Amino acid sequence: MASQPVHYPWYKKEDTDAFFALFQNNIANFVIIAITLLGMGFPASIVFGQVLPGAAVAVMFGNFYYAWSAARLARKENRVDVTALSYGISTPVMFVFLFGVLLPAKTLTGDAELAWKIAVAACFISGLIEVIISVIGNWVQKNLPRAAMLGAVAGVALTFIAGEMLFKTLEMPVIGLLVLAIILVGLVARVAMPFNIPASLFAIIVGTALAYLLGESDSQNIGEAFTHFGFYPILPGFAWFDGLGLLFTVGVALLTVILPITLYNAIETMNNVEAMEAAGDKYDVRECQAVDGVGTMLGAVFGGLFPTTVYIATVGAKWMNAGRGYSLLNGAVYFLATLFGLIAFLAALIPVSVVAPILVFVGMSMIATAFQTNDTRYYPAVALAMLPYFANYVMTRFNRGAGDVVSGISEGIVVLGQGAMFTAILLGAMAVSVIDQNFRRATIFAVIAAALSFIGLMHAPRLGFYAAPDFVHGYLVMGVFFAWFAYKEKGTH
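Here's a quick rundown of the structure. Everything numeric here is computed off the predicted structure, so don't read it as measured data.

Let us look at unusual backbone geometry. Here His459, not a glycine, exhibits a phi torsion of approximately 60°, which is positive. Mapped onto the elements, His459 comes out in the loop between α21 (439-455) and α22 (469-491).

Packing of helix α20 (residues 420-435) against α21 leaves a shortest axis separation of 8 Å and a crossing angle of 165°. The orientation of α20 with respect to α21, classified from their angle, is roughly antiparallel. Read as a crossing pair, α20 and α21 show a hand that is left-handed. Contacts from Phe422, Leu426, Ala429, Met430, Val432, Ser433 and Val434 in α20 reach Phe439, Arg441, Ala442, Phe445, Ala446, Ile448, Ala449 and Leu452 in α21. Its residues placed into classes, the contact of α20 with α21 shows 13 nonpolar, one polar and one charged.

Here the focus is the environment of Ala446. Topologically, Ala446 is positioned in helix α21. Between the C-alpha atom of Ala446 and that of Ala429, which follows or precedes it by 17 residues, the distance is 9.2 Å. Beyond its immediate chain neighbours, meaning those up to four positions away, Ala446 contacts Met430, Tyr475, Met478, Gly479 and Phe482.

This brings us to a nonpolar patch on the surface. Taken together, Leu166, Phe167, Leu170 and Leu177 make up a surface patch of nonpolar side chains, about 370 Å² in accessible area. For Leu170, the position within the fold is in the loop between α5 (146-169) and α6 (173-188).

This part takes up the pattern of salt bridges. For the coordinates displayed, the defined rule picks out eleven salt bridges. Across the salt bridge formed by Arg79 and Asp81, the nearest N and O atoms sit 2.8 Å from each other. Looking at Arg79, the relative accessible area reads 16%, which means it is buried. Glu113 is the partner of Lys117 in a salt bridge, and the nearest nitrogen-oxygen pair spans 3.9 Å. A residue pair is termed a helical-turn pair when its members lie 3 or 4 positions apart in one helix, as Lys117 and Glu113 do in helix α4 (residues 112-143) at four residues.

Further remarks concern empty space enclosed by the protein. Applying the stated criterion to the full structure yields one cavity of 30 Å³ or more. Within this model, the largest cavity holds a volume of roughly 30 Å³. Considering the residues around the largest cavity, the lining is formed by Phe48, Leu52, Tyr232, Thr338, Gly341, Ile343 and Ala344. Of all the secondary-structure elements, those providing two or more residues to the lining of the largest cavity are α2 (44-77) and α14 (342-349). Its residues assigned to classes, the lining of the largest cavity comprises five nonpolar, two polar and no charged.

Aromatic rings considered in pairs are described by the distance between their centres and by the relative angle of their planes. Per the stated rule, a full pass over the model turns up 17 aromatic pairs. On the basis of an interplanar angle of 85° and a centroid distance of 5.9 Å, the ring pair of Tyr65 and Tyr66 is categorised as edge-to-face. On the basis of relative accessibility, which here comes to 22%, the residue Tyr65 falls in the partly exposed class. Owing to a relative accessible area of 1%, Tyr66 belongs among the buried residues under this scheme.

Moving on: the side chain of Asp281. Its place among the elements puts Asp281 in the loop between α10 (255-279) and α11 (285-301). At a separation of 2.8 Å, a polar atom in the side chain of Asp281 contacts the side chain of Arg79. Within the local environment of Asp281, its side chain forms a polar contact with the backbone nitrogen of Thr83, the two atoms lying 2.8 Å apart. With sequence-adjacent residues up to four places away left out, Asp281 is seen in contact with Leu73, Arg79, Asp81, Val82, Thr83, Met276 and Lys318.

Our focus in this paragraph is the environment of Val291. By the element assignment, Val291 lies in helix α11. Under the relative-accessibility criterion, Val291 is labelled buried at 7%. Setting aside anything within four residues of it in sequence, one finds Val291 in contact with Phe61, Tyr65, Tyr66 and Tyr87.

The first and last C-alpha atoms of α10 sit 36 Å apart over 25 residues, in line with the 36 Å expected at 1.5 Å per residue. Looking one or two residues beyond α10, the residue adopting positive phi is Gly280, at roughly 125°.

Reading the values: rules and limits
- Residues numbered from 1 in each chain as written.
- Predicted model: local features only at pLDDT ≥ 70, side-chain atom pairs only at ≥ 80, totals over all residues.
- Heavy atoms only, no water.
- Helix = DSSP H or I, 4+ residues; strand = E, 2+ residues; numbered from the N terminus.
- Axes fitted to C-alpha atoms, helices over the stretch in contact; angles between N-to-C directions.
- Parallel < 35°, antiparallel > 145°, perpendicular 65-115°, else oblique.
- Left-handed = near helix turned anticlockwise from the far one by under 90°.
- Contact = heavy atoms within 4.5 Å.
- Nonpolar A, V, L, I, M, F, W, Y, C, P; charged D, E, K, R; others polar.
- Patch = residues over 30% accessible without salt bridge, like charges linked within 9 Å, V, L, I, M, F, W, Y side chains within 5 Å.
- Areas by Shrake-Rupley, 256 points an atom, 1.4 Å probe, with all protein chains shown as cover.
- Salt bridge = Lys/Arg side-chain N within 4 Å of Asp/Glu carboxyl O.
- Buried < 20%, exposed > 50% of the residue type's maximum accessible area, 1.4 Å probe, protein only.
- 1 Å grid on protein atoms, 1.4 Å probe; cavity = no way out; pocket = protein on both sides within 12 Å on 5 of 7 lines; lining within 4 Å.
- Points joined across faces, edges and corners; volume = space filled by probe spheres on them.
- Phe/Tyr/Trp six-rings, centres within 6.5 Å; stacked < 30°, edge-to-face > 60°.
- Polar contact = N/O pair within 3.5 Å; in protein donor to acceptor, adjacent residues only side chain to side chain.
- Expected span 1.5 Å × (residues − 1).

All quantities given are derived from atomic positions and should not be read as evidence of function.
This is the structure:
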């Protein structure tokens, strides 16, 4: 006799704990996005009327889809202990889009609305690329060294996130350093805060209260924050389409950031889905990558700027014995919070110097992860992959005058900063290959670097034919050198 189908609940008490664990991460991302964009000079109409609603649509879509996917798996395997995948904006990718796409776009155009349109188009293209990658994701993961990928992301983390945010922290020394101390004790040392309040939430509460008590923040901000409550209609638009023309003309150099960070995002989803399989719930990796890509594109259609991903927090939800309810609630809450201005209220209330130490921790974590998830012998490759973003940071901070400003230091700064993500990954990949004494693979990466330099994706201000000849020659010389060792090694066998 066939067994009776089990009842997979819409919501259970364990979903509550899992929801709050996921909620804290997502709310931090939404508030950070709002505060950062306002600090960059983007108007509230774009931040609260376009960017956050678009992000909310993406988060809602993915959470609802994965709740349905969990129910499908529960029916297929006839069990009730299935946990839905956690989903939201990828924190590392979010920072890369903020500082590696949006900020350079604003620098290039000098116009906030045009920069937003370029970034929306970049987000749409990123989603489309991830859908395509879903077909070849396993091949990409097999052939692109983790040390190179994570080292490149760690370079962004060190310069634009941890470094930049440490500067912001010290703009209010008493408050910023206290909040940094709370973050170090609570998140690094993992010591419980009073009343078991999550460390990041405790830091925001203490830091914000102290900022107003010491007069570091204008008390008028409190009243102004309440004015942000309201109705922010969530409507689709054509900004992503308008931005495509700008992206492939004035912003074409940004493609050197979009492709590799999308590869990273797809691999992050792959790793997290595989971790969930090890915990007992088997989802299709390719389907999840495609869903993340579609969610990203959908968010862009509604004005969002940030790619989405399956979270590593999914395993934590599994440990909590959560089902699908936490995912459904997460999608609904962020949609409503954005619709009625809660995110706008928090962004107006909380000073940047209070949030900045939390971002310093995020940057620290990304850097630490790059080392912790790789064997110690690959540390030199991770370090090498981080370095190009020092140049990228300098050149973007001096805008179009970077060449003149830094010429007295080195003429190599600007060209190293151009296409930094590709340069970082390929240098890191060559280093990994050499460490493994796989000189044939090192040769292939050197030739790829020469090809990207030839068309201007690296070391050139724009795409073109034979765009960076000196670098083409340099990488080909590297390739010949590696090929000689590969030939020599082959001859010994």
